[in-house]
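# Results of the structural survey
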Amino acid sequence: MADLKTKYMGLELKNPLIMGSTNLSGSTEFVKKLEENGIAAIIYKTIFEEDVQLENLELHEEMESYTERHAQMITQFPEMDDFGPEERLNNMKKLKESVNIPVIASLNAVNKSSWIEYAKKIEATGVDALELNLYYEDIDFDKEADEIEKEQLEIVREVRKAIKIPISVKLSPFYSNCLNMIKKLEMTGVDGFVLFNKFLEPDISIKEEELQIKHNFSKSNESRHPLRYIGMCYGNIREDICASTGILSSTDVIKMILAGAPAVQLASFVYKNGFDAIGDMLKEIEDWMDKRGYRTIEEFKGELAMKNLKNPTIYKKVQYFDVMKKLSDLIEGYALK
Ligand SMILES: Cc1cc2nc3c(=O)[nH]c(=O)nc-3n(C[C@H](O)[C@H](O)[C@H](O)COP(=O)(O)O)c2cc1C
């Protein structure tokens, strides 16, 4: 029978499924349910330096829209908390003591001294690793991209010096050259990358004629962007890459492993399908491995990474033009008949 064990940043995981940082992973009650249903590790709800009340309010609205389909989950959902960072640290410590799976903290601070201060406090809680959520609010027309990247690199370098536990960096999908940023971050001594984060983005309601902010749950095809980068990075960087965004089925998980990820993060999947679906997902991965004769994750990890392909051009954007050319040849062929 297939063995789903894997390793991420030196952490032994019983399978590749990690609960991404969400409100569900900020509650001991829900983390216990995630553990019971087979999740291998969790990323604790991000500690944001600023107040988290607004974010909780948005989640509350989001959850209401799912009331019918997941009534049970919604009724169990605890009242929106307004924990500040210090309270989150206490809760994280208690959580780590009460579960048997690895707990990875997540941090997004505003200024450099806070990053270091909180990283140290987080390490003192006994968690297994730290994920740095490097989000920068790009609302400034005058700030140079290079300046932002330099600041981010400096933060990661300083945090790396300040703590000993493994560190991953959860990256924004928006860099002019993401691969170059990854290479530079490698030099800071981080242990892993999470590709990619997904942000709240505004939408316009034409009925109300107003701007609204909503977090829409992901769709499966959103996983293609991380998939491409994971495929390009595998074997070309030393660190482990954890896939995130758009992983909504066992098929999506298997694809990410084939591209080179030893583990994946789930968020929308659990919100949409509930905790029980984690067990089904694991069973489907196991069945696929059994059918293919794979006994371990290692046996097929990275099999379809750029490095392992005879013709890696499919990972390059230029392929788009080939597809367009084939299409236009086809249309021309029809026109001649
Ligand atoms: C309700 C909710 C809360 C989230 N909170 C955080 C957070 O605190 N920190 C973070 O890094 N990502 C947060 N995320 C983003 C997820 O961790 C994940 O990156 C994103 O949802 C994409 O993954 P998915 O396609 O599996 O949903 C949140 C997502 C949701 C749905």
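Preceding this paragraph is the structure being described.
One structure accompanies this document, and this report is about it.

Calculation criteria
- Residues numbered from 1 in each chain as written.
- Predicted model: local features only at pLDDT ≥ 70, side-chain atom pairs only at ≥ 80, totals over all residues.
- Heavy atoms only, no water.
- Near = heavy atom within 4 Å.
- Polar contact = N/O pair within 3.5 Å; in protein donor to acceptor, adjacent residues only side chain to side chain.
- Nonpolar A, V, L, I, M, F, W, Y, C, P; charged D, E, K, R; others polar.
- Core = buried A, V, L, I, M, F, W, Y, C linked by side-chain atoms within 4.5 Å.
- Buried < 20%, exposed > 50% of the residue type's maximum accessible area, 1.4 Å probe, protein only.
- Contact = heavy atoms within 4.5 Å.
- Patch = residues over 30% accessible without salt bridge, like charges linked within 9 Å, V, L, I, M, F, W, Y side chains within 5 Å.
- Areas by Shrake-Rupley, 256 points an atom, 1.4 Å probe, with all protein chains shown as cover.
- Salt bridge = Lys/Arg side-chain N within 4 Å of Asp/Glu carboxyl O.
- Lys, Arg positive; Asp, Glu negative; His and termini not counted.
- Charge placed at Lys NZ, Arg CZ, Asp CG, Glu CD.
- Helix = DSSP H or I, 4+ residues; strand = E, 2+ residues; numbered from the N terminus.
- Pairing = 2+ DSSP bridges.
- Phe/Tyr/Trp six-rings, centres within 6.5 Å; stacked < 30°, edge-to-face > 60°.
- Lys NZ or Arg CZ within 6 Å of the ring centre and 35° of its normal.

The immediate surroundings of the ligand are formed by 22 residues, with Lys45, Thr46, Ser218, Gly246 and Ser268 found nearest. In this structure, Lys170 approaches the ligand through a side-chain N or O atom, which is 2.9 Å from an oxygen atom. Separating an oxygen atom of the ligand from a backbone N or O atom of Ala267 is a distance of 3.0 Å. For the shell around the ligand, a count of residues per class yields six nonpolar, twelve polar and four charged.

Counting 82 residues, the largest nonpolar core has Leu17, Ile42, Leu107, Leu130, Val159 and Leu171 as its most contacted members. In this view, Leu17 contacts Ile39, Ala40, Ala41, Val253, Val264, Leu266, Ile278, Met281, Leu282 and Ile285; residues no more than four positions away in its chain are not counted. Judged by nonpolar contacts, the second largest core, of 13 residues, contains Leu13, Ile18, Ala41 and Cys242.

Moving on, we come to a negative patch on the surface. A cluster of like negative charges, contributed by Asp140, Asp142, Glu144 and Glu147, occupies part of the molecular surface. Secondary-structure assignment places Glu144 in the loop between strand E7 (129-133) and helix H6 (145-162).

With respect to the element layout, Met256 can be found in helix H9 (residues 250-259). Since its relative accessible area comes to 0%, Met256 is described here as buried.

This brings us to the pattern of salt bridges. Inspection of the entire model under this criterion finds 19 salt bridges. The salt bridge partner of Asp3 is Lys5, with a shortest N-O separation of 3.2 Å. Owing to a relative accessible area of 29%, Asp3 belongs among the partly exposed residues under this scheme. Where salt bridges share partners, they join Lys183, Glu186, Arg238 and Glu239 into one cluster.

With that settled, the discussion passes to the pairing of strand E13 (residues 263-266). The side-chain alternation of E13 yields two buried faces, one formed by Ala263 and Gln265 and the other by Val264 and Leu266. Taken together, the three bridges between strand E3 (residues 17-19) and E13 define a ladder with parallel strand orientation. Opposite Leu17, over in E13, you have Val264 as the bridge partner. Judged from the two bridges that link them, strand E12 (residues 240-243) and E13 form a sheet pairing that is parallel. Its bridge partner being in E13, Cys242 is matched across the sheet by Ala263.

This next bit is on the environment of Ile237. Examined against the element boundaries, Ile237 turns out to sit in the loop between helix H8 (224-233) and E12. Ile237 sits in the buried class, given a relative accessible area of 13%. For the pair Ile237 and Leu179, spaced 58 residues apart in the sequence, the C-alpha separation amounts to 9.9 Å. Here Ile237 is in contact with Ile182, Lys183, Glu186 and Phe193, once residues within four sequence places are set aside.

Turning to the packing of aromatic side chains, a few remarks are in order. Per the counting criterion, the structure on display carries seven aromatic pairs. By the ring-pair criterion, three or more aromatic residues cluster together here, those being Trp288, Tyr294 and Phe300. Against the face of Tyr118 rests Lys121, its NZ or CZ located 5.3 Å from the ring centre. Taking NZ or CZ as reference, Arg228 lies 5.4 Å from the ring centre of Tyr229, over its face.

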